[in-house]
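Chains, contacts and geometry: an overview
Residues per chain are reported as follows:
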Amino acid sequence: MATIRLGDEAPNFNANSTEGSINFHEWLGDSWGILFSHPSDYTPVCTTELGTVAKYKDEFDKRNVKVVALSVDGLESHEGWVKDINETQKTTVNFPIIADEDKKVSELYDMIHPNEDSKLTVRSVFVIGDDKKVKLIITYPASTGRNFDELLRVIDSLQLTAYHKVATPANWKHGEDVVVSPSISTEDAKNIFTKGVKEVKPYLRMTPQPNLN
Ligand code: BEZ
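Just so you know, these numbers come straight off a predicted model, no measurement behind them. (Residues numbered from 1 in each chain as written. Predicted model: local features only at pLDDT ≥ 70, side-chain atom pairs only at ≥ 80, totals over all residues. Heavy atoms only, no water.)

1. Quick notes on the nonpolar core
Looking at soluble globular proteins, one finds that nonpolar side chains tend to be buried together. We apply this condition: By convention a nonpolar core is built from buried Ala, Val, Leu, Ile, Met, Phe, Trp, Tyr and Cys residues, the set being connected through side-chain atoms within 4.5 Å. A 1.4 Å probe rolled over the protein chains alone gives each residue an accessible area, and that area as a share of the maximum for its type sets the label: buried under 20%, exposed over 50%, partly exposed in between. Numbered from the N terminus, helices here are DSSP runs of H or I no shorter than four residues, and strands are runs of E no shorter than two. Any two residues having at least one pair of non-hydrogen atoms within 4.5 Å are treated as being in contact.
In terms of nonpolar packing, the biggest core is built from 27 residues, with Ile34, Phe36, Leu50, Phe60, Phe95 and Val127 touching the most fellow members. Those elements that provide at least two residues to this core are strand 3 (32-37), helix 2 (44-55), strand 4 (65-71), helix 4 (75-89), strand 6 (123-128) and helix 6 (148-163). Per element, the largest residue contribution to this core is six residues, and it comes from helix 6. When sequence neighbours within four positions are dropped, the list of residues in contact with phenylalanine 60 reads Ile34, Val53, Val65, Val67, Leu152 and Ile155.

Next comes the structure, spelled out in structure tokens:
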């Protein structure tokens, strides 16, 4: 297992899932992707997490993001648990869950942290760009459910900064002013960002979010 770092190509794999067998890169196609692991089926926090992801499908679709979950439980377990998620979270699970019983994908993506738990995956999140490169890695312990609003916020930032020479400041949310990338001069920035550039300091230049009407 090699360490996966930001900017690396997301390792490809074949796996069984609740939506049939998946070749990861083919399944991603031209979309962005989220690969996220959970410790175990039939557990409370995971149940709320997967239900929440199902309810956010429209938000992921809007951003051209496909989502796939994973744990080391088997397909039969996933299929039974999905019924519970649908019932208790009042939704319909609408994304594949990988059955990684042989831990092939978990090990490839270093999702088992032995000093936390020797057998189960932690709550890993990998955001993968439409170029198949890893854009974001976040890891939570089993005891802390993820904030999927934060994940959408980060995807907004990743997609904005992939296509515009800007960066997003602390606590930024879609629609708020952004920071001009340090790689461009204020003079060039004024030509590029026609909505205006405010120079707070020579290294701190603010501009309205460029991809809004
Ligand atoms: C949960 O999803 O609730 C959970 C899973 C493993 C350990 C602790 C909590």
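2. What about the sheet that holds strand 11 (residues 204-207)?
Inclusion rule: Pairing between strands is defined by DSSP: at least two bridges between them are needed.
Read from one edge to the other, the open sheet built from four strands follows the order 8-9-11-10, with strand pairing classed as antiparallel. Each end of this open sheet is capped by a strand with a single partner; those strands are strand 8 (166-167) and strand 10 (198-201). Relative to strand 11, strand 10 runs antiparallel, the two being bridged by three bridges. Paired with lysine 201 across the two strands is leucine 204, which belongs to strand 11.

3. Points about the UniProt feature "active site" (unreviewed entry) in the protein
To keep it simple, the criterion reads: UniProt positions are given in the numbering used here, feature names are shortened, and annotations may be inferred rather than shown by experiment.
If you check UniProt for "active site" (unreviewed entry), the listed places come out as Cys46 in our numbering. Positionally, cysteine 46 belongs in helix 2. Residue classification places cysteine 46 among the buried residues on the basis of a relative accessible area of 1%. When neighbours within four sequence positions are excluded, cysteine 46 is seen to be in contact with His38, Pro39, Ser40, Trp81 and Arg123.

4. Focus on empty space enclosed by the protein
Threshold: Buried and open spaces are told apart on a 1 Å grid over the protein atoms alone, a cavity being a set of points where a 1.4 Å probe fits but cannot get out and a pocket being an open set with protein on both sides within 12 Å along at least five of seven lines. Residues with an atom within 4 Å of a point are the lining residues. Grid points are joined across faces, edges and corners, and a volume is the space filled by probe spheres set on the points.
Under the definition given, this model contains one cavity of 30 Å³ or more. One number sums up the size of the largest cavity: a volume of about 30 Å³. If you trace the largest cavity, you find it lined by Val125, Ile138, Tyr140, Arg146, Asn147, Glu150 and Leu151. At the level of secondary structure, the elements contributing two or more residues to the lining of the largest cavity comprise strand 7 (134-140) and helix 6.

5. Considerations on the site of the ligand
For the record, the criterion: Any residue with a heavy atom lying within 4 Å of a molecule or strand is counted as near it. N or O atoms closer than or at 3.5 Å make up a polar contact, with two conditions inside protein: a donor-capable atom paired with an acceptor-capable one, and, for residues adjacent in sequence, both atoms drawn from side chains. Computed with the Shrake-Rupley method and a 1.4 Å probe, the accessible areas treat only the protein chains shown as cover for residues. Residue polarity is assigned by list, with Asp, Glu, Lys and Arg as charged and Ala, Val, Leu, Ile, Met, Phe, Trp, Tyr, Cys and Pro as nonpolar; anything else, Gly included, falls into the polar class.
In the region of the ligand, the neighbouring residues are Pro39, Thr43, Pro44, Val45, Cys46, Arg123 and Ala142. In the environment of the ligand, an oxygen atom lies 3.1 Å from a nitrogen or oxygen atom belonging to the side chain of arginine 123. In the complex, the protein chains occlude 73% of the 270 Å² of accessible area that the ligand would expose alone. Split by residue class, the shell around the ligand holds five nonpolar, one polar and one charged.

6. Some details on the environment of valine 178
Relative to the elements of secondary structure, valine 178 occurs in strand 9 (residues 178-180). According to the relative accessible area criterion, valine 178 is buried, its value standing at 0%. Considered as a pair, valine 178 and lysine 201 are 23 residues apart in the sequence and their alpha carbons are 14 Å apart. Once residues within four sequence positions are removed from consideration, valine 178 is found in contact with Leu160, Val166, Ala167, Thr168, Pro169, Trp172, Arg205, Met206, Thr207, Pro208, Gln209 and Pro210.

7. Structural notes on the environment of asparagine 147
Within the fold, asparagine 147 resides in the loop between strand 7 and helix 6. When the C-alpha positions of asparagine 147 and valine 134 are compared, they lie 20 Å apart, and in sequence the two are 13 residues distant. At 2.9 Å, the side chain of asparagine 147 forms a polar contact with the backbone nitrogen of aspartate 149.

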